[in-house]
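The chain contents come next:
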Amino acid sequence: MAEETKNSDGAAAPAAADKANGATPTLNVVSQYMKDLSFENPSAPRNAGQRGKAPAININVNVNANPLSETEYDVVLTLNATAKDGETVVFNAELVYGGIFRLQGFAKEHMLPLLFIECPRMLFPFARQIIADATRNGGFPPLMIDPIDFAQMFQQRMAAERTRAASAPAPQVN
């Protein structure tokens, strides 16, 4: 049975404490912000009416993280949704949504998964709602983006980094 401890606010905290300094690992959202929101409806008002068929929608997702201090990180989730009817762009929505996270007491090997899996997972519901509202306000049904598997995205990113590192030419010594 796993041992459970309580934070000062009474919430359950991870039982695995950093033995070196006795600190319980904590992950806090310091703030969230919208850095950029763009919605383009290039065929308005022609496409404002009922559509005969649903457009093909392509969604791209990207996550980046940058340190702000020893314990605070800026994690940015970028969502780009493009709807097309054939070659005609019906709408294009782009959102850059970020959060500042405070991570304390975690082992170094856990930092990248936290920053590229857990932090964007916390940001996603808010970003999803903003995209849904933007498409609805643009005259379309709200675009409800399916949940994203950030763990799989992270694994693919790490595999691509390993491949890139392995294929890089070795430095030559004269």
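As the structure is a prediction and not an experimental result, all values here were calculated from the model.

*Asks:* Just give me the short version of helix α1 (residues 108-137), but keep the residues and values in it.
*Replies:* For α1, which comprises 30 residues, the first-to-last C-alpha distance of 43 Å matches the rise-based estimate of 44 Å (1.5 Å per residue) to within 8%. Backbone geometry just after α1 places G139 at a positive phi near 100 degrees.

*Asks:* Describe the packing of α1 against helix α2 (residues 150-167), and please don't skip the residues or the numbers.
*Replies:* The geometry of α1 relative to α2 is characterised by a closest axis approach of 9 Å and an angle of 145 degrees between their N-to-C directions. Two packed elements cross with a definite hand, and for α1 against α2 that hand is right-handed. Contacts from L112, P113, F116, I117, P120, R121 and F124 in α1 reach F150, A151, F154, R157 and M158 in α2.

*Asks:* Provide a residue-level description of the sheet that holds strand β5 (residues 72-85), including the pertinent values.
*Replies:* Across the sheet, 4 strands lie side by side as β3-β6-β5-β4; this open sheet has antiparallel pairing. Looking at strand neighbours, the two that pair on one side only are β3 (26-40) and β4 (56-67), the edges of this open sheet. In this sheet, adjacent strand axes meet at a mean angle of 15 degrees when their direction is disregarded. Here β4 runs beside β5; their pairing, made up of 12 bridges, is antiparallel. The residue of β5 that forms the bridge with V61 is L79. Running at roughly 140 degrees to strand β6 (residues 88-104), α1 makes contact with β3, β4, β5 and β6 of the sheet. Its contacts with the sheet place α2 against β4 and β5, and it is angled at close to 70 degrees to β4.

*Asks:* I'd like a description of the side chain of T82, backed by residues and values.
*Replies:* Residue placement: T82 occurs in strand β5. Within the local environment of T82, its side chain forms a polar contact with the side chain of N92, the two groups lying 2.7 Å apart.

*Asks:* Which residues make up the pairing of β5, and what are the values?
*Replies:* Among the 14 residues in β5, 11 count as buried, and that is most of the element. Connecting the antiparallel pair β4 and β5 is a turn made up of 4 residues. Both β5 and β6 contribute to a ladder of 14 bridges, which runs antiparallel. The partner of Y73 across the bridge, within β6, is F101.

Rules of the game
For every chain, the first residue of the written sequence is number 1, and numbering continues from 1 along that sequence. The model is predicted, so local features are restricted to residues of pLDDT at least 70 and side-chain atom pairs to those at 80 or more, both for listing and for counting; the totals for chains, interfaces and linings are taken over all residues. Note that the side-chain values use all heavy atoms of the structure and ignore hydrogens as well as water. Secondary structure is summarised from DSSP: a helix means a run of H or I of at least four residues, a strand means a run of E of at least two, and numbering begins at the N terminus for each. What a helix should span is 1.5 Å times the count of its residues minus one. Fitted lines through C-alpha atoms give the axes, limited to the stretch in contact for helices. The angle between two N-to-C directions lies from 0 to 180 degrees. Handedness of a crossing follows from how the near helix is turned relative to the far one, being left-handed for an anticlockwise turn of less than a right angle and right-handed for a clockwise one. Should any heavy atoms of two residues lie within 4.5 Å, those residues are considered in contact. A pair of strands is treated as paired once DSSP finds two or more bridges between them. By the criterion applied in these results, polar contacts are pairs of N or O atoms within 3.5 Å in which, for protein atoms, one can donate a hydrogen and the other can accept it, and in which residues neighboring in sequence qualify only through two side-chain atoms. For every residue, the accessible area (1.4 Å probe, protein chains only) is compared with the maximum for its type, and the residue is labelled buried under 20%, exposed over 50%, or partly exposed between those bounds.

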